[in-house]
Amino acid sequence: MFAGWGSWVARLRWSVLATAIVAVTAAGVWGLGVFGQLSEGGYNDPGAESSRAADAVRQELGARGGDLIAVYRPLTGTIDDATLGKRIEARLGSLPRSAVSQTDGYWPGHNKQYASADGRSAVAVITLAGEDDGAKLSSYRDISDTLGVPGTSLQLAGGAPLQDASASRSTDDLAFAEAISLPIVLVLLLFLFGSLVAASLPVLVGGCAVLGSLGVLHAIAAHHDVNSFAVNVASLLGLGMAIDYGLFMVGRFREELEAGHTPAEAVSRTVATAGRTVLFSASLLMIALAGLLLFPQGFLKSLAYGGLAAVALAALLSLTLLPALLAVLGPRINKLPVRLPRRNRSSMWAKLAGVVLRRPVLIALPILAGLLVLAAPVRGVHFGENDERVLPAGDPARQAVETLKTDFPALSSSGVLVVLHGENGAAPSSSGAAAFEARIAKVPGVTAVTPAGTGGAVVTWTATLTATDPFSDTARDAVHAIRDLRPPLDAELLVGGTTARNIDSLTAIGDRLPLMVALLAGATLILMFLAFGSVLLPIKAVLMSALSLSATFGVLVWIFQDGHGAGLLKVTPAPLEAGIVVLMAAVVFGLSTDYEVFLLSRMVEARTHGATTAEAITTGLSRTGRVISAAALLLIVVTGAFALSSVTTMRFVGIGMITALFLDATVVRMLLVPAVLTLMGDAAWWAPGPLKRLQQRAGLAETDDLPTPAGPALSALSALSAGPALSSGPAVPAFSAGLADAGPVLPGGRHAAPSGLTPSFQHATALPARPSWDYPPQPSGGLPIAGSAPGFSSTAATLPAATSGLPHAASDLPRAGSGLPRAGSELPRAGSAPMPDMPFAGSAPRPRTPRVVLDQQPSNTPRQPSEAPRQLDAPPSRWELTAAPGTGAPAGTDTTRELGRVRGDETDSTVVFRLPGMPDPRPRPDPAS
């Protein structure tokens, strides 16, 4: 399926490219309108008691103040100055009715409730026009610059100024983060790819993913409330994941090109391998983000919208736009090269694998202990919601809220809203309401009870708490105690406010969190089993991801709640915002599983080709260690730029992503996972027979549909890059009608014959029961192992005659089952995946190369004693003429045995090539003679 998709995209590359560019451009242009439709709310559960209390007040008493609180402090005189009072009244009266629906405060009635205790300042409480938070925020922005009065200092507090400051800073910080991260990412990609064209492709796809996600968010915002932070999430994940996916896709495509494939073949093979991994990884991350939709809070749903749109588009563009670009560019992907010093780092990763394989317990135990220590602070975590502390200490909106809490505690958001809602639309009795007010005042932690309004079927009070922190245990205990009070018989008790809203939100998250955990774990277990065919590998992946996630949250609690290093980071310690924590859990778990899939996919490829567990671990680590580290580094740069934000929420995400990526891509994936796999041994690949057959029928194994080239066989360079080929038995070239022009095709292998040469075959050794990547020296004899030499193509090649040295079917050919393992039986398999016909590029360390002797002497020219056959030692670009005294022979004589004896060739299969028209080889002399 994946190979077919890649071939289709390569064939229709221009159409796919044009469609993708037009669609992304249109979505991006239209998506810019989303910024005018974003909200700053959605943190509460709509069905919770606190929400019902606010709705009851709004329905019975109308919109209440608190959206905007203007704090006026006279520069000279007092708040009772008549002239000053008239100026303030005139200013408030001139506010447009389209933006302000109600105004209350100290002026003109000199209500002492709106004056500070020292009499040096007073407030005006303004109710903004608008049905939702977005509309109220727009109204605030219309009047914020018109509230100043000469002779006074002005501070603007309340929900609207706080939301405006947070949104403005987040937007500016996002643009700053992208301006910083993109150039750094481009430079890093230059170091990785060594070509400006190749380096620019992942960044291009990332930008398209971000633009497309804006269009999706704009469409969603037309029907649902979307929090402004969803844009930040879409930008972070769209850019980061597209760059990661592009890194894998472009790297694999260049590898296939270097292996000698045409651009169309390279695209098909890239989509069949790296594309499959991208789709699996994106699916796991999208399932994790979809878990946010289980929660009732609009804020979490908004984060899910942004994350799902970004990751889905990053994966879609990586499987459409990017392959089309690769097919168009072809070898030109290496244009504009940047010459940089390079070192062979696969040996470094192979050495690291060797260290882990030798001492798995010594490596695993300290890492496990260290991760558990990092996770320890999670036991003392406290959850809250965003308040003024997310802004820098010098921000005017934060300073205004702090002034309000100090001088006007009854008006601050830390108060508890208590509502008695009468039954059958009638107001509660006055006597019952008065008695209930007295009972509220006696609740521990309540310092004062102030009437907040009466009308319709409700009576309301504001209970001022002794605790200044609305998220403290004291405040929570007071809310629980108020809710435990028995209301009058004719009324229903509803408790709202900041503390009650936070309690209800945490309760809703706690109720649905098990569903999200079950969704993440279940989807990971199922998808990874279908991909790898093992029962234990998915279980290990879930446990490793959970351990990495716990360590990450431990570090975040230690910094942002406990305050260690808070001064250095310029953040104010506070309880963690529960919604952001859930978002981080989904993203970190998804990314951890991503890297697990990238690592295990190469291990399973090697295992499918017959590697032992140790060889598979070495192969996986040596082939993916550099790529995973590079992908993590790029994502750290993209997401880590958020740590430079002045808003604590974005800084929390940035530092959390840096911590998670560093721990997961280095300590966990590169050390702990190989150590655990070593301890598991062959059991790591086990699955019950029925499940193996189910996985085979699903057809989603890592090696199910890697395309085998048809027509002309692979070039020698392709075979060299492909790794060792394993075969199920002996083979000879199949000569049939229609193949005369193409020449004989030898399945798989290491060497290709030069153009114009015709093969004759000598015996080869039998394939060992468990193939090794490094074959020991073997004597010559027997048929060549299938896959020991790649096919070649030449229109000038002459097919050998039926009796030109090929063994007779009934004589020299070994019998079926005569020592060679059957395909798919004795050969080791990963998750019962079928044995592929062709090796995967880079699927295993390169073995010792068999030597191929080429005898090109014309039939009428005697060989001179000083001449020696040409010898090919991979790669084919290295031809050598090695003198071998005493090996001269008449033209056409098979010199392989002599060469093998004199030079000590370490070969398990031999092919002797002769020019067309040369006489048939003479019978091999008896070895005894």
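Sequence order sets the numbering: in each chain, residues are counted from 1 along the sequence as written. Under the rules for a predicted model, residues below a pLDDT of 70 receive no local features and side-chain atom pairs below 80 are neither given nor counted, while totals for whole chains, interfaces and linings still include all residues. Excluding hydrogens and water, the side-chain values take into account all heavy atoms of the structure.

Asker: Could you give me a rundown of the overall build of the protein, with the residues and numbers involved?
Answerer: Scanning the protein from terminus to terminus reveals 25 helices and 15 strands. Burial statistics for the protein: of 929 residues in total, 55% are counted as buried. The contact criterion used is simple: two residues touch if any of their non-hydrogen atoms lie within 4.5 Å. In the protein, 81% of the contacts between residues at least 6 apart in sequence involve partners at least 24 apart. Of the accessible surface of the protein, which amounts to about 37,500 Å², a share of 60% is contributed by carbon and sulfur atoms. Here a helix means four or more residues in a row that DSSP labels H or I, a strand means two or more in a row labelled E, and each is numbered from the N terminus. Throughout, exposure labels follow a simple rule: accessible area from a 1.4 Å probe, protein chains only, divided by the maximum for the residue type, with under 20% read as buried, over 50% as exposed, and the rest as partly exposed. Surface accessibility follows the Shrake-Rupley procedure with a 1.4 Å probe radius. Residue values consider only the protein chains on display as shielding.

Asker: Can you break down the nonpolar core residue by residue, with the values?
Answerer: Residues Leu189, Phe229, Leu289, Leu292, Ile333 and Met584 are the most contacted members of the largest nonpolar core, which totals 164 residues. With 20 residues, helix 20 (residues 578–608) is the largest single contributor of residues to this core. Apart from residues lying up to four places away in sequence, Leu292 is in contact with Leu300, Lys301, Leu303, Ala304, Met516, Val582, Leu583 and Ala586. Here, nonpolar core means buried Ala, Val, Leu, Ile, Met, Phe, Trp, Tyr and Cys residues that are tied together by side-chain atoms lying within 4.5 Å of each other.

Asker: Before we move on, can you summarise the packing of helix 17 (residues 498–532) against helix 18 (residues 536–561) with the specific residues and values?
Answerer: As a rule, the C-alpha atoms of each element are fitted with a line to give its axis, helices using only the stretch in contact, and angles between N-to-C directions run from 0 to 180 degrees. Where helix 17 contacts helix 18, the two axes come as close as 8 Å, and the packing angle between them is 140°. Comparing their axes, helix 18 and helix 17 come out oblique. Here helix 17 and helix 18 pass one another in a crossing that is right-handed. Residues Ala521, Thr524, Leu525, Met528, Phe529 and Phe532 of helix 17 touch helix 18, and the partners they reach there are Leu537, Pro538, Ile539, Ala541 and Val542. Classifying every residue of the contact of helix 17 with helix 18 by side-chain character gives ten nonpolar, one polar and no charged. Should an angle lie under 35 degrees it is considered roughly parallel, over 145 roughly antiparallel, and from 65 to 115 roughly perpendicular; all remaining angles are considered oblique. With the far helix as reference, a near helix turned anticlockwise by less than a right angle produces a left-handed crossing, and one turned clockwise produces a right-handed crossing. Note on residue classes: Ala, Val, Leu, Ile, Met, Phe, Trp, Tyr, Cys and Pro are nonpolar, Asp, Glu, Lys and Arg are charged, and everything else, Gly too, is polar.

Asker: Please provide a residue-by-residue account of the pattern of salt bridges, values included.
Answerer: By definition, a salt bridge exists where a carboxyl oxygen of Asp or Glu is found within 4 Å of a side-chain nitrogen of Lys or Arg. Considering all chains together, one arrives at 22 salt bridges under this definition. Among the salt bridges present, the one from Arg169 reaches Asp395, with a minimum N-O distance of 2.8 Å. With a gap of 226 residues between them, Arg169 in helix 6 (residues 159–193) and Asp395 in the loop between strand 5 (383–384) and helix 14 (396–407) connect regions that are remote in the sequence. According to the relative accessible area criterion, Arg169 is partly exposed, its value standing at 27%. The partner of Arg602 in a salt bridge is Glu605, and the shortest N-O contact between them spans 4.0 Å. Note that Arg602 and Glu605 are positioned in helix 20 at a spacing of three residues, about one turn of the helix. Both residues of the pair, Arg602 and Glu605, count as buried.

Asker: Just give me the short version of the sheet that holds strand 4 (residues 152–157), but keep the residues and values in it.
Answerer: At least two bridges found by DSSP between two strands are what make those strands a pair. Read across the sheet, four strands follow the order 2-3-1-4 without closing on themselves; strand pairing throughout is antiparallel. The sheet is open, and its two edges are formed by strand 2 (100–105) and strand 4, each paired on a single side. Neighbour to neighbour, the strand axes of the sheet diverge by 20° on average, direction disregarded. In this structure, strand 2 lies alongside strand 3 (residues 122–128), joined through five bridges in antiparallel fashion.

Asker: Can you tell me about unusual backbone geometry, naming the residues and giving the values?
Answerer: Phi angles above zero are rare outside glycine, and Lys570 is one such case at about 60°. The topology assignment puts Lys570 in the loop between helix 19 (566–569) and strand 10 (576–577). Judged by relative accessible area, which is 72%, Lys570 ranks as exposed.

Asker: Describe the environment of Ser101, naming the residues involved and giving the relevant values.
Answerer: On the secondary structure map, Ser101 appears in strand 2. Along the primary structure Ser101 and Thr127 are separated by 26 residues, whereas in three dimensions their C-alpha atoms are 5.7 Å apart. If near-sequence neighbours (up to four positions away) are discounted, Ser101 is found in contact with Thr127, Leu128 and Ala129.

Asker: Give a description of helix 8 (residues 229–258) that names residues and reports values.
Answerer: Expected span of a helix, by definition, is 1.5 Å for each gap between consecutive residues, and there is one gap fewer than residues. The end-to-end C-alpha separation of helix 8 is 43 Å, in line with the 44 Å expected for 30 residues at 1.5 Å each. Of all the 30 residues making up helix 8, 28 are buried; the element is thus mostly covered by neighbouring parts of the structure. Looking at the residues trailing helix 8, positive phi occurs at Gly260, about 95°.

Asker: Got a sec to walk through the sheet that holds strand 7 (residues 446–455)? Specific residues and values, please.
Answerer: The strand order across the open sheet built from four strands is 7-8-6-9, with neighbouring strands paired in antiparallel fashion. Each having just a single partner strand, strand 7 and strand 9 (491–497) make up the two edges of the open sheet. Ignoring which end each strand starts from, the neighbouring axes of this sheet average 20° apart. Both strand 6 (residues 416–422) and strand 8 (residues 458–465) contribute to a ladder of six bridges, which runs antiparallel. Each bridged residue has a counterpart across the sheet, and for Leu420 the counterpart in strand 8 is Val459. Sitting on the sheet, helix 15 (residues 430–441) is in contact with strand 6, strand 7, strand 8 and strand 9, with an inclination near 15° to strand 8.

Asker: So what's going on with the packing of aromatic side chains? Residues and values would help.
Answerer: Ring pairs shown here join Phe, Tyr and Trp side chains whose ring centres sit within 6.5 Å, with only the six-membered ring taken for Trp; geometry is labelled stacked below 30 degrees between planes, edge-to-face above 60, and tilted in between. A full pass over the atoms with the stated rule returns eight aromatic pairs. Judged by centre distance (5.2 Å) and plane angle (85°), the ring pair of Tyr106 and Trp107 falls under edge-to-face. Members of the aromatic cluster, each reached through a chain of ring pairs, are Tyr72, Tyr106 and Trp107.

Asker: Describe the confidence of the model for the protein, naming the residues involved and giving the relevant values.
Answerer: Residue-level confidence of the predictor is what pLDDT reports, using numbers from 0 through 100. Per-residue confidence for the protein averages 75 on the pLDDT scale, and 74% of its residues sit at or above 70. Confidence, expressed as mean pLDDT per element, reaches its minimum in the protein at helix 24 (residues 716–722) with 33 and its maximum at helix 13 (residues 360–375) with 94. Below a pLDDT of 50 lies the segment residues 707–929, which in the model reaches 408 contacts outside its immediate sequence neighbourhood of four places, other chains included.

Asker: Tell me what's going on with helix 3 (residues 49–61), and back it up with residues and numbers.
Answerer: For helix 3, which comprises 13 residues, the first-to-last C-alpha distance of 18 Å matches the rise-based estimate of 18 Å (1.5 Å per residue) to within 8%. Contact partners of the buried residues in helix 3: strand 6, strand 7, strand 8, helix 16 (473–483), strand 9 and helix 17. Just past helix 3, the residue Gly62 takes up positive phi, approximately 85°.

Asker: Go over a nonpolar patch on the surface with me, naming the residues and quoting the values.
Answerer: Like-charged residues within 9 Å of one another, or nonpolar side chains (Val, Leu, Ile, Met, Phe, Trp, Tyr) within 5 Å, are grouped into patches, provided each residue has over 30% relative accessible area and no salt bridge. A cluster of nonpolar residues, Phe176, Ile180, Ile184 and Leu644, forms a patch on the protein surface that exposes about 340 Å² of accessible area. When you line up the elements, Leu644 lands in the loop between helix 21 (613–640) and helix 22 (648–680).

Asker: I'd like to hear about the packing of helix 8 against helix 22, residue by residue, with values.
Answerer: Two elements in contact, helix 8 and helix 22, have axes whose closest approach is 12 Å; the angle formed by their N-to-C orientations is 25°. In terms of their interaxial angle, helix 8 and helix 22 are classed as roughly parallel. In the crossing of helix 8 with helix 22, the sense of the turn from one axis to the other is right-handed. Contact residues: helix 8 offers Phe229, Asn232 and Leu236, while helix 22 offers Thr649, Met650 and Val653. Each residue belonging to the contact of helix 8 with helix 22 can be placed in one class, and the counts come to four nonpolar, two polar and no charged.

Asker: A description of a negative patch on the surface should follow, citing residues and the corresponding values.
Answerer: Residues Glu131, Asp132, Asp133 and Asp225 make up a contiguous surface patch of negative charge. Mapped onto the elements of the fold, Asp132 is located in the loop between strand 3 and helix 5 (133–143). In this tally, Lys and Arg are treated as positive and Asp and Glu as negative; His is ignored, and so are the chain termini. Charge placement uses NZ in Lys and CZ in Arg. For Asp and Glu, CG and CD serve respectively.

Asker: Outline the environment of Leu303, listing residues and values.
Answerer: Along the chain, the position of Leu303 falls in helix 10 (residues 298–319). Ignoring sequence-local partners within four residues, the contact set of Leu303 consists of Phe229, Ala230, Val233, Leu292, Gly579 and Leu583.

Asker: If you had to explain the side chain of Thr403 to someone new, which residues and values would you point to?
Answerer: Positionally, Thr403 belongs in helix 14. Among the polar contacts made by the side chain of Thr403, one reaches the side chain of Gln155 at a distance of 3.3 Å. Apart from the residues lying within four places of it in its own chain, the contact partners of Thr403 are Gln155 and Phe408. The definition of a polar contact used here is a pair of N or O atoms within 3.5 Å, where within protein one atom must be able to donate a hydrogen and the other to accept one, and adjacent residues in sequence count solely through side-chain atom pairs.

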